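Coordinate inspection notes
Given next are the chains, with one letter for each unit.
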Amino acid sequence: MNYEDLMKRAISLAGQYKYTAKPNPVVGCVIVKEKTIISEGAHKEFGSHHAEVNAIEAAKKLQGITFNSFKELTLICTLEPCNHSGKTGPCTEAIINSGIENVIIGAQDPNPLVSGSGIKNLIDHGVKVQFGICSDLIHEQNKFFFFKNTKKRPYITIKIASSKDGKSHLINNDRTYITSKESRKDVQKLRAIHDAILTGGNTVINDAPKMNARVNFPVNQPKKILLSSKTNFDLSADFFVDCDYEILSETDINKILNQESQFHEGEYCNQHEAVVHGQNTFSSQI
């Protein structure tokens, strides 16, 4: 059976939650009986059930109606099911306990703590596994996640507002917009897709930015990372209010990357790290 179209459907499901599943990767799942879709699921929010569990729970409500036994079903998921306990239990355990005997996986999980172990556990319990369907699409959909776990460093996006002749501000330091209204709107989405925003002390003091993602859809706000040796910040300023932030006195970005690359924290496959506290990515405000 050709599972490519069903895998693309699972990829589309996953993509709907890219702003709320982070810092986890987005994952989608479709359960079918032959060519008939029985149920679907996605990892909707960080800390909540994963896609495979949501799809299995939805299928349970239809057992005896659209199918009799889970042995009749095939589970199609975009990323290798996790094989450890974090905020939720292992997805491999949920699949095995359901009785599903056929699993199609889009891409192998790149986390060395997990990579291949989810597939092996399923096979060891008699589940037939096929993987590598639409793998390139899944790598692109979760490019920050794959970059972090293959390069062992966060994916960094540099955001710079500059005039055509390379200037960033007026000579007298008066504030003025270099960017257009449209580009300022675009940067909100850029912030929304990243796990953290990095900036320096002069920006916080001189520009008094909020530096959050001001969008009209649900989003896990990025953490704010302030690199500065200054100690005179007004912690009641908009930058610090109602958010997760950290001030680092170390301002050498190479030292920070080297130090934080040794630190592992996260929920999905225990592998989300970046400059600070387990993010895959950060957006640098310059």
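Residues numbered from 1 in each chain as written. Predicted model: local features only at pLDDT ≥ 70, side-chain atom pairs only at ≥ 80, totals over all residues. Heavy atoms only, no water.

1. Considerations on the packing of aromatic side chains
Defined as follows: Ring pairs are drawn from Phe, Tyr and Trp, using the six-membered ring of Trp, whenever the two centres fall within 6.5 Å, and their geometry is named by plane angle: stacked under 30 degrees, edge-to-face over 60, tilted for the rest. Whether a residue is buried, partly exposed or exposed follows from its accessible area with a 1.4 Å probe, protein chains only, as a fraction of its type maximum: under 20%, in between, or over 50%, in that order. Placement of a charge over a ring requires the Lys NZ or Arg CZ to be within 6 Å of the ring centre, with the centre-to-atom vector within 35 degrees of the ring normal.
Enumeration over the complete set of coordinates arrives at eight aromatic pairs. When the centroid spacing of 4.9 Å and the interplanar angle of 70° are considered together, the rings of F240 and Y245 count as edge-to-face. F240 sits in the buried class, given a relative accessible area of 5%. Among the aromatic residues, those joined into a ring-pair cluster are F233, F239, F240 and Y245. The ring of Y177 has R184 lying over it, and the distance from NZ or CZ to the ring centre is 3.7 Å.

2. Things to note about a nonpolar patch on the surface
Applicable threshold: Think of a patch as exposed residues, more than 30% relative accessible area, with no salt bridge, where like charges cluster within 9 Å and nonpolar side chains (Val, Leu, Ile, Met, Phe, Trp, Tyr) cluster within 5 Å. Where accessible areas are quoted, they stem from the Shrake-Rupley method and a 1.4 Å probe; at the residue level, only the protein chains shown are allowed to cover. In what follows, salt bridge is the name for a side-chain nitrogen of Lys or Arg lying within 4 Å of a carboxyl oxygen of Asp or Glu. Strands are runs of DSSP state E lasting at least two residues, helices are runs of H or I lasting at least four, and both sets are numbered from the N terminus onward.
On the surface, I156, I158 and I160 cluster together to form a nonpolar patch covering roughly 270 Å² of accessible area. As for its placement among the helices and strands, I158 is situated in strand β6 (residues 155–159).

3. So, the environment of I95
For the record, the criterion: Contacts were defined at the residue level, with two residues in contact if any of their heavy atoms lie within 4.5 Å.
Mapping I95 onto the fold places it in helix α3 (residues 91–98). Assessed through its relative accessible area of 0%, I95 is described here as buried. In sequence terms I95 and F70 are 25 residues apart; their C-alpha atoms lie 9.7 Å from each other. Beyond its immediate sequence surroundings of up to four residues, I95 is in contact with E52, I56, L75, P81, I100, V103 and L122.

4. What to know about the nonpolar core
We count it as follows: The nonpolar core is taken to be a set of buried Ala, Val, Leu, Ile, Met, Phe, Trp, Tyr and Cys residues, with the residues joined through side-chain atoms within 4.5 Å.
Grouped together as the largest cluster of nonpolar side chains are 38 residues, with contacts concentrated most on M7, I31, L75, I100 and V103. When contributions to this core are tallied by element, the ones reaching two or more residues are α1 (4–15), β1 (28–33), α2 (51–60), β3 (74–79), β4 (102–107), α4 (117–124) and α6 (143–151). Of the residues forming this core, the biggest block, five residues, is contributed by α1. Aside from chain neighbours lying at most four places away, what touches I100 is I31, I56, F70, L73, L75, I95 and V127.

5. Points about the side chain of H194
To be explicit about the condition: In protein, a polar contact requires one atom able to donate a hydrogen and another able to accept it; more generally it is a pair of N or O atoms within 3.5 Å, and residues adjacent in sequence count only if both atoms are side-chain atoms.
In this fold, H194 is placed in the loop between α7 (181–193) and β7 (196–200). A polar contact is formed between the side chain of H194 and the backbone oxygen of L190, at a distance of 2.6 Å.

6. Quick notes on a positive patch on the surface
Under the convention used in this document: When charges are counted, Lys and Arg are positive and Asp and Glu negative, with His and the chain ends excluded. By convention, the point assigned to a charge is CZ for Arg, NZ for Lys, CD for Glu and CG for Asp.
On the surface, a cluster of positive charge is contributed by K18, K181, K185 and K189. For K189, the location among the structural elements is in helix α7. The exposure class assigned to K189 is partly exposed, which follows from its relative accessible area of 46%.

7. Looking at the confidence of the model for the chain
Cut-off, in case you're wondering: How sure the predictor is of each residue is captured by pLDDT, a score from 0 to 100.
Scored by pLDDT, the chain comes out at a mean of 87, with 90% of its residues at no less than 70. This model gives residues 263–279 a pLDDT under 50, and the stretch forms 82 contacts once residues within four places in sequence are excluded.

8. A word on the pairing of β7
Spelled out, the test is: Two strands make a pair as long as DSSP finds a minimum of two bridges between them. With its strands directed away from the observer, a crossover is right-handed exactly when the path from the first strand over the helix to the second travels clockwise.
In terms of residue burial, β7 counts as a mostly covered element, since four of its five residues are buried. The pairing of β7 with strand β8 (residues 223–227) spans five bridges and is parallel. What sits directly across from A196, in β8, is K223. You can see the chain leave β7, run along helix α8 (residues 201–207) and come back into β8, and the turn it takes is right-handed.

9. Quick word on the packing of α3 against α4
Two numbers describe a pair of packed helices, the interaxial angle and the distance between the axes. The cut-off we apply is this: Angles run from 0 to 180 degrees between N-to-C directions of axes, and those axes are lines fitted to C-alpha atoms, restricted for helices to the stretch in contact. Angular relationships are summarised with four words: roughly parallel below 35 degrees, roughly antiparallel beyond 145, roughly perpendicular across 65 to 115, and oblique for the angles in between. By convention, the crossing between two helices is left-handed when the near helix turns anticlockwise from the far helix through less than a right angle, and right-handed when the turn is clockwise. Any residue outside Ala, Val, Leu, Ile, Met, Phe, Trp, Tyr, Cys, Pro, Asp, Glu, Lys and Arg is labelled polar, Gly included; the first ten of those are nonpolar and the last four are charged.
With their axes 10 Å apart at the nearest point, α3 and α4 run at an angle of 20° to one another. As the angle between them shows, α3 and α4 are arranged roughly parallel. By crossing handedness, the relation of α3 to α4 is classed as right-handed. Residues T92, I95 and I96 of α3 lie in contact with α4, whose contacting residues are G118, N121 and L122. Of the residues belonging to the contact of α3 with α4, the class tally is three nonpolar, three polar and no charged.

10. Some remarks on the sheet that holds β1
Strand order across the open sheet formed by five strands is β2-β1-β3-β4-β5, with mixed pairing between neighbours. Here the strands that pair on one side only, and so sit at the sheet edges, are β2 (36–42) and β5 (128–131). Neighbour-to-neighbour, the strand axes of this sheet turn through a mean angle of 20°, independent of strand direction. Relative to β3, β1 runs antiparallel, the two sharing four bridges. Bridged to C29 within β3 is C77. Strands in contact with α2 are β1, β2 and β3; relative to β2, the strand with the most contacts, it is inclined by about 135°.

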